[in-house]
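Chain by chain, the residues:
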Amino acid sequence: MTLKLNGVDFMPYLGEDGVELNKRRVVGNQIVTLDGLTHRGVQADKTDMRINLRVITDEERHDITEVLKADVIQVTYIDGGTSFYANMFTDVFQTSALIPGWWRESAIDLTEF
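Residues numbered from 1 in each chain as written. Predicted model: local features only at pLDDT ≥ 70, side-chain atom pairs only at ≥ 80, totals over all residues. Heavy atoms only, no water.

### Observations concerning the overall build of the chain
Rules: Here a strand is any run of E in DSSP of at least two residues, a helix any run of H or I of at least four, and the numbering for each starts at the N terminus. Relative accessible area decides the class of each residue, using a 1.4 Å probe on protein chains only: under 20% of the type maximum gives buried, over 50% gives exposed, and in between gives partly exposed. The contact rule is simple, with two residues in contact once any of their heavy atoms fall within 4.5 Å. A 1.4 Å probe and the Shrake-Rupley method give the accessible areas. Residues count as covered only by the protein chains that appear here.
Secondary structure summary: the chain contains two helices and seven strands in total. Its helices and strands taken in sequence order, the chain reads β-β-β-β-α-β-β-α-β from the N to the C terminus. Buried positions account for 34% of the 113 residues belonging to the chain. Of all intrachain contacts in the chain linking residues separated by at least 6 positions in sequence, the fraction that spans at least 24 positions is 64%. Working note: accessible area of the chain is about 7,100 Å², and carbon and sulfur atoms make up 47% of it.

### Re the packing of aromatic side chains
So the rule is basically this: Here a pair means two rings of Phe, Tyr or Trp (six-membered ring of Trp) with centres within 6.5 Å. Their orientation is stacked below 30 degrees between planes, edge-to-face above 60, and tilted elsewhere.
Overall, the coordinates contain two aromatic pairs when judged by the stated rule. Ring geometry for Phe 10 against Tyr 13: centres 5.3 Å apart, planes inclined by 75 degrees, an arrangement best described as edge-to-face. The burial state of Phe 10 is the same as that of Tyr 13; both residues are buried. A centroid spacing of 5.1 Å and a plane angle of 40 degrees characterise the contact between Phe 89 and Phe 113, whose relative ring orientation is tilted. Here Phe 89 is found in strand E6 (residues 82-89), whereas its partner Phe 113 is found in the segment after strand E7 (107-112), with 24 residues between them in sequence. Relative accessible area serves as the criterion here: at 45%, Phe 113 is assigned to the partly exposed category.

### Overview of the pattern of salt bridges
The criterion, for reference: Definition used for salt bridges: Asp or Glu carboxyl oxygen within 4 Å of a side-chain nitrogen of Lys or Arg.
Inspection of every chain in the model, using the stated rule, returns five salt bridges. The shortest N-O distance in the salt bridge between Asp 109 and Arg 50 comes to 2.7 Å. Here the residue Asp 109 occupies a position in strand E7, and Arg 50 occupies one in strand E4 (residues 38-53), the gap between them amounting to 59 residues. The shortest N-O distance in the salt bridge between Glu 66 and Lys 69 comes to 3.1 Å.

### Focus: helix H1 (residues 58-68)
Heads up, the rule is: Think of it as the arc spanned by the lines of direction from the helix axis to the C-beta atoms.
When we look at burial in H1, the residues that qualify are Glu 60, Arg 61, Ile 64, Thr 65, Val 67 and Leu 68. Angularly, the buried residues of H1 cover 155 degrees about the axis, an arc narrow enough to put them on a single face.

Printed below as a string of structure tokens:
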């Protein structure tokens, strides 16, 4: 298994639940025709990623927040048959990354551009 954010290996920080990937569909226009069928204009399929962390030290917390400060986070995730490469963003560091008590067994949520 490989997990890198902006080239930094995040495997040592993973908790028991590891990484969760969720697919979502971005839909544009949607209409229902006279025959009752719904037609959706799909804009894109996006992936949301949750990285569940173990209990980390203050030094590790500092290293993690340095990576999360970037506007664009390049994610490389490889696990068995799943390979995922994407540019993502997060706003977690805006709210809790610099507060020491918040990083005990928490998670990082990333959203694909």
